[in-house]
Amino acid sequence: MPHPGVIEAYRQYLDLPSHTRVVTLLEGNTPLIPLPAVAEVLGGGFELFVKFEGLNPTGSFKDRGMTAAISEAAGRDVKTVMCASTGNTAASAAAYAARAGMRCIVLIPEGKVAAGKLAGAIAYGAEVLQIQGSFDDALSLVVDLTSRYPVALVNSLNPYRLEGQKTAAFEICDVLGSAPDWLCLPVGNAGNISAYWMGFKQYDQAKGTALPQILGVQAAGAAPLVLGHPVEHPETVATAIRIGRPARGEQALQAAEESSGRIIASTDDEILAMQKLLAGSGIWVEPASAAGLAGLRKQINEGMIHPRGMRIVAVCTGHGLKDPEIVTRGFSYQALPADAAAIEAVVLKGK
Ligand code: AN7
């Protein structure tokens, strides 16, 4: 049977109301790709996989939660949805709202949304408003406005978002036959780590698939869950997780603790180095998506995780195409003469 999208694939495990009317782009069923070369760089002796969520319909994991949130809203004839976003939620909400025939309004932090995400939200027809503030300011505004207008909030405060997102944990268990020893992933607003933990626990109860330890990784300049207090002015090259007051922070800390895992921070340099290392294995992800593995590398180097004999899954949440400027920054656009000699001199002679 062809993959029917995450709601139909896992309906019996999802707590969605009976009025839900499925709106899907056949999201999910993303590949779990082995990363032997990266595992070697990290010391070797263990199995490493990437759950490449950038291969979802709008290029990020958000589609799993958005099909659920929009389907629930569609079932009660919601006309307008709204979200705050660092970019991926915006593009995903815009696409699913378009498919459902709804209006979509997104608030984004001024000047901090990567080009591919902004373009996506606009292309799918969302009304995109920049605000003179951070993601956290945008989310506060969305919470206020959606409480006063007949508009559905589709950020991960919406519980159906987590119902959809937990399907990624089910897929990992279905492919591996059980949960991995460790799951590492980036943490921003903390919906995804919370959803994975819900999913692993639920599947373990239903099927005895066991539980992973969870390593959540924030960017050092936006690490409220590591610091233990909100960050007023978060800054990081990983703009997707440039979030100072995670809406599901408490739940994320609980997930880390219950799983005997932890939440740590990686610097921008570590994140970009991991983005490059992954690209060397043919997997191009946006910076935030490299944070989980950057954190794993650090934990292994510091002797905090001993991976020998383990099976580890890193969630890469968004595609590299989302943020092209990060990689083209150093590229020279100066054109060469269109003759063989000029090209030979640069890339062939003496190489
Ligand atoms: C690529 O789009 O918050 O911890 O508004 O885009 O569940 O927030 C994005 C978050 C990780 C963090 N990786 O997930 C948004 C937004 C990527 C992301 C995260 C995001 P959460």
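K.L.:
Run through a nonpolar patch on the surface, naming residues and quoting values.
P.N.:
Together, Leu336, Ile343, Val346, Val347 and Leu348 make up a nonpolar patch on the protein surface, roughly 440 Å² of accessible area in all. Relative to the elements of secondary structure, Val346 occurs in helix α15 (residues 340-347).

K.L.:
Hey, could you go over the site of the ligand for me, with residue numbers and the actual values?
P.N.:
Near the ligand lie 23 residues; those nearest to it are Asn88, Thr89, Asn189, Ala190 and Thr317. Here Asn192 contributes a backbone N or O atom positioned 2.8 Å from an oxygen atom of the ligand. Separating a nitrogen atom of the ligand from a side-chain N or O atom of Thr317 is a distance of 2.6 Å. When the ligand is considered free in solution it has 470 Å² of accessible area, and contact with the protein chains removes 98% of it. The set of elements that each furnish at least two residues to the shell around the ligand consists of α4 (88-100) and α9 (191-207).

K.L.:
Any chance you could break down the side chain of Thr236 for me, citing the residues and the numbers?
P.N.:
By the secondary structure assignment, Thr236 is in the loop between α10 (224-227) and α11 (249-258). Assessed through its relative accessible area of 7%, Thr236 is described here as buried. Of the polar contacts made by the side chain of Thr236, one reaches the backbone nitrogen of Ala238; its length is 2.9 Å. Among the polar contacts listed, one links the side chain of Thr236 to the side chain of Asp268, at a separation of 2.7 Å. Ignoring any residue separated from it by four or fewer positions in sequence, one finds Thr236 in contact with Ala219, Ala222, Ile241, Arg242 and Asp268.

K.L.:
Go over the pattern of salt bridges, please, and point to the residues and values.
P.N.:
Within this structure, the stated rule accounts for 16 salt bridges. Linking Arg103 and Glu127 is a salt bridge whose minimum nitrogen-to-oxygen distance equals 2.7 Å. Within this pair, whereas Arg103 is found in strand β4 (residues 103-109), its partner Glu127 is found in strand β5 (residues 127-131), the two being separated by 24 residues in sequence. For Glu258, the salt bridge goes to Lys201, with nearest N and O atoms at 3.0 Å.

K.L.:
An account of the sheet that holds strand β8 (residues 213-219) is needed here, citing residue identities and associated values.
P.N.:
Strands sit in the order β1-β2-β10-β7-β8-β9 across an open sheet of six strands; the sheet is mixed. Every other strand in the sheet has two partners, leaving β1 (32-34) and β9 (262-266) as the edge strands with one partner each. Taken pair by pair, the neighbouring strands of this sheet meet at an average axis angle of 25°, ignoring direction. Across three bridges, the pairing between strand β7 (residues 182-186) and strand β10 (residues 311-316) is parallel. Note on β10: the bridge partner recorded for Trp182 is Ile312.

Criteria and thresholds
Residues numbered from 1 in each chain as written. Predicted model: local features only at pLDDT ≥ 70, side-chain atom pairs only at ≥ 80, totals over all residues. Heavy atoms only, no water. Patch = residues over 30% accessible without salt bridge, like charges linked within 9 Å, V, L, I, M, F, W, Y side chains within 5 Å. Areas by Shrake-Rupley, 256 points an atom, 1.4 Å probe, with all protein chains shown as cover. Salt bridge = Lys/Arg side-chain N within 4 Å of Asp/Glu carboxyl O. Helix = DSSP H or I, 4+ residues; strand = E, 2+ residues; numbered from the N terminus. Near = heavy atom within 4 Å. Polar contact = N/O pair within 3.5 Å; in protein donor to acceptor, adjacent residues only side chain to side chain. Buried < 20%, exposed > 50% of the residue type's maximum accessible area, 1.4 Å probe, protein only. Contact = heavy atoms within 4.5 Å. Pairing = 2+ DSSP bridges. Axes fitted to C-alpha atoms, helices over the stretch in contact; angles between N-to-C directions.

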